Amino acid sequence: MSKRVFLNLEQRIEILRQYEKGKSARRLAELFYFRRTQINKIITEKDLSLKEYEDFKFRGVKRIRHEKYVNINEAVLEWYKTVRAKKILVSGSMIQHKAKELADSLGIENFSSSNGWMDRFRIRNNITFRSLSDEAAYLDPGLCLAEASSTSFGWM
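Parameters at a glance
- Residues numbered from 1 in each chain as written.
- Predicted model: local features only at pLDDT ≥ 70, side-chain atom pairs only at ≥ 80, totals over all residues.
- Heavy atoms only, no water.
- Helix = DSSP H or I, 4+ residues; strand = E, 2+ residues; numbered from the N terminus.
- Buried < 20%, exposed > 50% of the residue type's maximum accessible area, 1.4 Å probe, protein only.
- Contact = heavy atoms within 4.5 Å.
- Areas by Shrake-Rupley, 256 points an atom, 1.4 Å probe, with all protein chains shown as cover.
- Core = buried A, V, L, I, M, F, W, Y, C linked by side-chain atoms within 4.5 Å.
- Arc of directions from axis to C-beta.
- Phe/Tyr/Trp six-rings, centres within 6.5 Å; stacked < 30°, edge-to-face > 60°.
- pLDDT = per-residue confidence, 0-100.
- Polar contact = N/O pair within 3.5 Å; in protein donor to acceptor, adjacent residues only side chain to side chain.
- Expected span 1.5 Å × (residues − 1).

**Student:** Got a minute to help me understand the overall build of the protein in this structure?
**Tutor:** When its secondary structure is counted, the protein shows nine helices and zero strands. Helices and strands in the protein line up, N terminus first, as α-α-α-α-α-α-α-α-α. Sorting the 156 residues of the protein into buried and exposed places 29% on the buried side. Within the protein, counting contacts between residues at least 6 apart in sequence, those at least 24 apart form 65% of the total. Of the roughly 11,100 Å² of accessible surface on the protein, 50% is carried by carbon and sulfur atoms.

**Student:** Sorry, what's going on with the nonpolar core here?
**Tutor:** One recurring pattern in soluble globular proteins: nonpolar side chains tend to sit buried together. Judged by nonpolar contacts, the single largest core of 20 residues is most densely connected at I72, V76, V90, I95, F111, W117 and F121. Secondary-structure elements contributing two or more residues to this core are α5 (70-85), α6 (92-106) and α7 (115-124). Of the residues forming this core, the biggest block, seven residues, is contributed by α5. If sequence neighbours within four positions are ignored, I95 has contacts with V76, W79, Y80, V90, W117, M118, F121 and F129. In terms of nonpolar packing, the next biggest core, distinct from the first, is built from 12 residues, L7, L9, I13 and I15 among them.

**Student:** Help me understand helix α2 (residues 25-32) in this model?
**Tutor:** Working note: α-helix, 3.6 residues per turn, so residues spaced by three or four point in the same direction. Listed as buried for α2 are A25, L28 and A29. The buried side chains of α2 occupy one side of the element, clustering within an arc of 105 degrees when seen end-on. Looking one or two places after α2, you find Y33, whose phi comes out positive at around 60 degrees.

**Student:** What should I look at first to understand the packing of aromatic side chains in this one?
**Tutor:** Applying the stated rule across the entire model yields two aromatic pairs. Between F111 and W117, the ring centres sit 5.4 Å apart and the planes meet at 85 degrees, which makes this aromatic pair edge-to-face. Since its relative accessible area comes to 6%, W117 is described here as buried. Consider the rings of W117 and F121, whose centres lie 5.0 Å apart with planes at 15 degrees: the pair is stacked. Taken as a pair, W117 and F121 lie in helix α7 at a separation of four residues, close to a single helical turn. Comparing W117 with F121, the two get one shared label, buried.

**Student:** What is the right way to look at the confidence of the model for the protein in this model?
**Tutor:** Close reading of the predicted structure is inappropriate where its pLDDT is low. Summary statistics for the protein give a mean pLDDT of 76 and a share of 71% for residues scoring 70 or more. Mean pLDDT across the secondary structure elements of the protein bottoms out at helix α8 (residues 134-137), with 50, and peaks at α6, with 90. Of the regions scoring below 50 in pLDDT, residues 152-156 engages in 10 contacts with residues more than four places distant in sequence or in other chains.

**Student:** Help me understand the side chain of Q18 in this model?
**Tutor:** Note that Q18 resides in helix α1 (residues 9-20). Side chain to side chain, Q18 and K23 meet in a polar contact 3.1 Å long. Apart from the residues lying within four places of it in its own chain, the contact partners of Q18 are K23, L28 and F32.

**Student:** Hey, could you run me through α1 in this one?
**Tutor:** Helix length check: α1 (12 residues) gives 16 Å between terminal C-alpha atoms against 16 Å at 1.5 Å per residue, within 8%. Within α1, the full set of buried residues consists of L9, R12, I13, I15, L16 and Q18. Of the residues flanking the end of α1, it is G22, one or two places downstream, whose phi is positive at about 110 degrees.

Below, the structure is given as structure tokens:
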């Protein structure tokens, strides 16, 4: 059995273009070295691929992975922006703590603010942790956590 290969968005769009020009799924499978079932699936999911292509959001991505906890991620990001706007230093453990707190308040039971979740959240939102100037070094981290957890939102 051969290794399963996923097509990226540009390849799927090219297959759809060729199909629109009149090429059969069998012929496209031969041209692109994929199975006919994969080609047929691309053709049936045409609208989804075209919408992705228009949005340019998923260029170069082989598969779409839908976020599981969108509400938590958005809430944590909003909290993070609010706290950083107040010039408060935020660590990864603070973000994880706040994420768990928000999950509990939103009634989401199976959420775990693991290191893996933290890494994906940080990468997805382009968050970096750097050391700041000497002035920031004198800030009490306990004060930051207390200030950060007192920040509230209308949806809590």
